[in-house]
2 protein chains.
Amino acid sequence: MVSLTVLECLNLNNRRTLAPMGEAKWLSDDEMAAWQAFLTAGALLDRRIEEQLKSEADLSHLQYEVLVRLSAAEGGELRMSELAGSVVTTKSGLTYQITQLEKAGLVRRRSCAADVRGVYAVLTDAGRDRLRRAAPGHLEVVRAHLIDVLDDDQLRSLREGLGEVVRRLSGG
Amino acid sequence: MVSLTVLECLNLNNRRTLAPMGEAKWLSDDEMAAWQAFLTAGALLDRRIEEQLKSEADLSHLQYEVLVRLSAAEGGELRMSELAGSVVTTKSGLTYQITQLEKAGLVRRRSCAADVRGVYAVLTDAGRDRLRRAAPGHLEVVRAHLIDVLDDDQLRSLREGLGEVVRRLSGG
DNA sequence: ACATTTGGATTCAAATTTGAACCACATGGT
DNA sequence: ACCATGTGGTTCAAATTTGAATCCAAATGT
């Protein structure tokens with residue numbers, strides 16, 4: 001479907017077609033190819049993940065990530081804002097999804113003693129079960145299409161390089 | 001917002017908490033960290049991009065990508081399906097966005113001579129202008145938050161490693 | 001104590017996305 | 001020619017996402 005040959009030409013063609021002002025603004029062909037690969041790999045992989053999770057566990061990827069964060073947290077609970085930050089959604093988006101997960105019995109809300117405004121999302125037993133059921137298939141997809149395709153160096157680059165990208169985007 | 005310390009513990013905690021059956025199914029801590037970095041970097045970066053494009057050019061990232069593909073194509077036009085494939089959306093999703101872009105005057109539809117069913121999306125002059133206006137700011141965001149954060153090796157890993165990931169996900 | 005500002009979460013309407021159903025045509029086999 | 005399938009795009013309703021507005025409570029300043 002996605003022709004890399006075409007993708008790699010994008011910048012080249014566009015430099016000719018759109019040429020703006022200072023060349024400083026553009027990416028080199030290698031940089032462009034890296035960016036497009038990053039973007040496309042993310043999109044295609046996410047599509048597979050979404051499929052797998054929906055069909056095998058009736059969860060969206062976002063919902064799965066929410067369950068993962070909760071299961072990894074102390075007492076299986078996290079504040080709404082923290083959760084929203086760590087799965088990278090908007091506050092209102094999380095409110096909606098937690099409501100869905102609550103309807104499905106996988107999570108419940110608990111209000112915070114210290115701060116009346118605060119709300120905890122709490123993983124239920126059913127939620128933990130669902131996650132336990134979903135995880136192997138999910139991780140298998142991630143492994144098959146991403147992890148096992150990369151060699152050790154490439155995997156380290158992802159971890160270190162993109163780790164730094166995350167750190168900078170989170171901080172400032 | 002996103003604590004890597006926590007992220008790196010996810011798999012460890014979950015192995016303890018959820019432990020399924022054969023260990024073969026799980027990812028090592030390094031693999032998990034790489035996957036989470038990939039996922040989170042993509043999400044955070046996309047958020048910045050969406051912001052920049054919306055505020056500076058009144059385009060969504062998807063719309064921008066559509067314009068890029070068209071501008072790189074012969075005659076500034078592509079068939080709907082090809083376009084859908086290369087930007088990784090569903091057919092109906094593309095139909096919707098092309099309609100939006102058409103309303104904005106950035107693209108128009110042209111029916112295909114050879115195949116009556118076929119439809120070409122064609123970049124208009126206004127579309128090319130808009131893209132020309134949007135590109136520098138967009139590429140600057142990509143450069144600042146991704147490209148310039150990575151060293152040459154890491155960039156090569158993205159290009160080659162994720163390129164292979166894309167190739168495999170596209171083919172089979 | 002009181003007014004102001006900030007923070008945490010939800011609500012609401014509008015925009016977008018999703019996927020199944022559909023329509024119209026092309027293609028291939030008989 | 002005829003029928004069965006496959007393709008390319010659109011349509012439609014339902015689900016989700018977005019962002020601004022809102023509500024209520026905490027924190028801060030006076």
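For the structure itself, consult the block above.
A brief report on the enclosed structure follows. Source: prediction; values computed, not measured.

Quick notes on the protein's contact with DNA strand C
Around DNA strand C, a shell composed of 22 residues is seen, among which Met80, Ser81, Ser92 and Thr95 of chain A together with Ser92 of chain B lie nearest. Tallying contributions element by element places helix H5 (residues 91–103) of chain B first for the surface near DNA strand C, with 5 residues. Here the surface near DNA strand C is built from residues that sort into 5 nonpolar, 11 polar and 6 charged.

As for the interface of chain A and chain B
By convention, interface size is frequently given as the accessible area that disappears when the constituent parts associate. In this assembly, 62 residues from chain A lie in contact with 62 residues from chain B. When residues of the side of chain A that touches chain B are traced back to their parent elements, those giving at least two are helix H1 (4–18), helix H2 (29–57), helix H3 (61–72), helix H4 (80–87), helix H6 (125–145) and helix H7 (152–171) of chain A. Among the elements that take part in the side of chain A that touches chain B, H7 of chain A stands out by supplying 16 residues, more than any other. In terms of residue class, the side of chain A that touches chain B is made up of 36 nonpolar, 14 polar and 12 charged.

Some words on H5 of chain B
All names here are of chain B. Here H5 spans 18 Å end to end across 13 residues, near enough to the 18 Å set by a 1.5 Å rise per residue. Turning to H5, its buried residues number three or more, namely Gln97, Ile98 and Leu101. Looking down the long axis of H5, one finds its buried residues gathered within 105° of arc, a one-sided arrangement. When the buried face of H5 is taken as reference, the exposed residues oriented beyond 90 degrees from it are Ser92, Thr99 and Lys103. Buried residues along H5 sit in contact with helix H3 (61–72), strand E2 (107–111) and strand E3 (119–123). Remark: Gly105 follows H5 within two positions and exhibits a positive phi of approximately 80°.

Thresholds applied
- Residues numbered from 1 in each chain as written.
- Chains lettered and ligands numbered in written order.
- Predicted model: local features only at pLDDT ≥ 70, side-chain atom pairs only at ≥ 80, totals over all residues.
- Near = placed C-beta within 6 Å.
- Helix = DSSP H or I, 4+ residues; strand = E, 2+ residues; numbered from the N terminus.
- Nonpolar A, V, L, I, M, F, W, Y, C, P; charged D, E, K, R; others polar.
- Contact = placed C-beta atoms within 7 Å.
- Expected span 1.5 Å × (residues − 1).
- Buried ≥ 20, exposed ≤ 12 C-beta atoms within 10 Å, placed from the backbone.
- Arc of directions from axis to C-beta.

Function cannot be read off these values alone, since they describe shape.
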